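Residue strings, one per chain:
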Amino acid sequence: MIDILLISSSAERTPQIAARLEASGVAFRLRTLHGAAKQLRVHAAAIKSADLLIVDDAELTPRELGGVEEALSHTPHLHCMLVTPTPSTTLLMAAMRVGVRHVLSWPLDEHELADALAHVSSKKTAGVRRDGRVVSFTSCKGGSGTTLIAVNLAYTLAALRDKRVLLIDLNQQFADASLLVADKPPPATLADLCAQIDRLDVALFEACVMHVHANLDVLAGAGDPVKSGELRAAHLERLLTLVREQYDAVLIDVGQNINPLAIHALDHSDSICMVVRQNMLYLHAGRRMLDIFKELGYPASKLKLIVNQYDRHARVTLAMLEATFGVKVAHQLPRDEKQATEALDHGVPLMTSAKGSALTQSIALLGDLLWPRTTGPDKSVLARLFPGRVKAQRASNTASVPKAPPQLKAGH
Ligand SMILES: Nc1ncnc2c1ncn2[C@@H]1O[C@H](COP(=O)(O)OP(=O)(O)OP(=O)(O)O)[C@@H](O)[C@H]1O
Ligand SMILES: [Mg+2]
């Protein structure tokens, strides 16, 4: 699938170009903006995440190609297509010089357009292989913060790490992940998609997901336990096969359920984050959940123990959690009731409502843990945004934990 950004100077031509693209048979995702070639610099951020930039400008002259040249030099994988009525030889030559391969005249010739799209699509398939790392988020007890973490981590990866991210809400009670990042209903749910699983392809998938950010899509949960009951592991298998190739990061909010559907998601995950809080009920239930994971044959390296709403004064210490679970705490997130509630009330990610908060920063660090960077950690976008705090948070995550033994009752 190719990401197309269409910048058109005509509100009339935009839908006509969209219709031509549709008729080409090539899978794509389209964003449209109003503007002319000379205004390209204004749209630099949107251009960055596109595979193909189509500039439709009836008044295009060679002089206005500076913006195109700049866009192509800043985004090496970008292809550019110019659409203009009867392009002159001078314009064609100038376009070639700045690296534009496709100059199409208006009205568009359907075969010419389809060939150009097929060319971009084949280059993308050959050049970029999404690694589609899948991470599931589970909780052994309700209200641990699994959804808040999964949703905000997905958003942070999309916004700060420039990854193509998908969040699947597999919660089988009353799925709510989409509410945390959008104030509108999703176009379809996981249940709607699975009801048509036989005709699942990129186009159907695209029609079902909610586009939350240029790099983030959310597949909303089934909505209620009755609809969730109709979901099958085989449905999920088809879905995961498709999305692994389309995204760099796939996050699954599994929630509390352990049933064939959830187990399928966990089986196919590269990592499983178990989110807990510091009280006896989590100690008890978490231990039970880890026993099940062990029976399912998951290696310890696949499990990541995440402590949410960390409280250094809590009776249940990190050392107790570690000793009881036999797993090291991989990451801890601070409590921030004010920001968590505000973000939830407005249906916006923490990155939007509380960008500099310790909770947002800690979620970004969790992203670095689960999707390690290839460059040195201190060169991260995050480190540049919050230089002092990143060091402090790393220090607190690696701080030694008290050595109190676990206090579990017999049989627990
Ligand atoms: N670090 C945090 N600081 C403060 N409040 C938090 C934090 N994490 C989560 N919360 C709050 O805790 C509540 C439960 O969070 P969330 O819905 O993410 O949990 P969950 O594990 O997905 O619950 P469920 O079992 O219902 O799916 C929400 O009100 C959320 O805003
Ligand atoms: Mg939840």
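Residues numbered from 1 in each chain as written. Chains lettered and ligands numbered in written order. Predicted model: local features only at pLDDT ≥ 70, side-chain atom pairs only at ≥ 80, totals over all residues. Heavy atoms only, no water.

Engineer: An account of the confidence of the model for the protein is requested, with residue identities and associated values reported.
Structural biologist: Predicted confidence across the protein gives a mean pLDDT of 86, with 89% of residues reaching 70 or more. Here residues 376–391 scores under 50 on pLDDT; set against residues more than four positions off or in separate chains, the count is 27 contacts. (pLDDT = per-residue confidence, 0-100. Contact = heavy atoms within 4.5 Å.)

Engineer: Give me the sheet that holds strand β5 (residues 102–105): which residues, what numbers.
Structural biologist: Pairing in this open sheet of five strands is parallel, and the strands run β2-β1-β3-β4-β5 from one edge to the other. Single-partner strands in this sheet number two, and they are β2 (28–34) and β5. Mean inter-strand twist for the sheet, computed between neighbouring axes without regard to direction, equals 20 degrees. Both strand β3 (residues 52–56) and strand β4 (residues 79–84) contribute to a ladder of five bridges, which runs parallel. The partner of D56 across the bridge, within β4, is V83. (Pairing = 2+ DSSP bridges. Helix = DSSP H or I, 4+ residues; strand = E, 2+ residues; numbered from the N terminus. Axes fitted to C-alpha atoms, helices over the stretch in contact; angles between N-to-C directions.)

Engineer: Any chance you could break down the packing of helix α10 (residues 233–246) against helix α11 (residues 260–267) for me, citing the residues and the numbers?
Structural biologist: It is the contact of α10 with α11, at a shortest axis distance of 9 Å, that shows an interaxial angle of 30 degrees. On the basis of their axis angle, the class for α10 and α11 is roughly parallel. Crossing handedness for the pair α10 and α11: right-handed. Seen from α10, the contacting residues are A233, L236, E237 and L240; seen from α11, they are P260, L261, H264 and A265. Taken together, the residues of the contact of α10 with α11 break down into six nonpolar, one polar and one charged. (Parallel < 35°, antiparallel > 145°, perpendicular 65-115°, else oblique. Left-handed = near helix turned anticlockwise from the far one by under 90°. Nonpolar A, V, L, I, M, F, W, Y, C, P; charged D, E, K, R; others polar.)

Engineer: Any details on the environment of V134? Residues and values, ideally.
Structural biologist: You can see V134 is positioned in strand β6 (residues 133–139). Take V134: its relative accessible area is 1%, and that puts it in the buried class. With near-sequence residues (within four places) excluded, V134 lies in contact with R244, V250, I252, H268, S269, D270 and S271. (Buried < 20%, exposed > 50% of the residue type's maximum accessible area, 1.4 Å probe, protein only.)

Engineer: Account for the site of ligand 1, naming residues and giving values.
Structural biologist: Taken together, 17 residues surround ligand 1, and among them T147, L148, N308, P334 and D336 come closest. Contact with the protein chains covers 77% of the free accessible surface of ligand 1, which is 630 Å². Counting atoms within 2 Å of the grid points, the majority share of ligand 1 lands in the largest pocket. Of all the secondary-structure elements, those providing two or more residues to the shell around ligand 1 are α6 (146–160), β12 (303–310) and α14 (337–346). Of the residues forming the shell around ligand 1, the biggest block, three residues, is contributed by α6. A breakdown of the residues in the shell around ligand 1 according to their chemical character gives four nonpolar, 10 polar and three charged. (Near = heavy atom within 4 Å. Areas by Shrake-Rupley, 256 points an atom, 1.4 Å probe, with all protein chains shown as cover. 1 Å grid on protein atoms, 1.4 Å probe; cavity = no way out; pocket = protein on both sides within 12 Å on 5 of 7 lines; lining within 4 Å. Sits in = over half its atoms within 2 Å of the grid points.)

Engineer: Please set out a negative patch on the surface residue by residue, giving values where relevant.
Structural biologist: A contiguous patch of negative charge, built from D109, E110, E112 and D115, is present on the exposed surface. Of note, E110 is situated in helix α5 (residues 110–127). Given a relative accessible area of 45%, E110 falls into the partly exposed group. (Patch = residues over 30% accessible without salt bridge, like charges linked within 9 Å, V, L, I, M, F, W, Y side chains within 5 Å. Salt bridge = Lys/Arg side-chain N within 4 Å of Asp/Glu carboxyl O. Lys, Arg positive; Asp, Glu negative; His and termini not counted. Charge placed at Lys NZ, Arg CZ, Asp CG, Glu CD.)

Engineer: Hey, could you go over the layout of surface pockets for me, with residue numbers and the actual values?
Structural biologist: Approximately 640 Å³ is the volume attributed to the largest pocket. Forming the walls of the largest pocket are 33 residues, and the residues nearest its centre are G143, G145, T146, T147 and L148. Elements supplying a minimum of two residues to the lining of the largest pocket: α6, β10 (249–255), β12 and α14. Top contributing element to the lining of the largest pocket by residue count: α14, with five residues. Looking at the lining of the largest pocket residue by residue, the classes come out as 12 nonpolar, 16 polar and five charged. (Points joined across faces, edges and corners; volume = space filled by probe spheres on them.)

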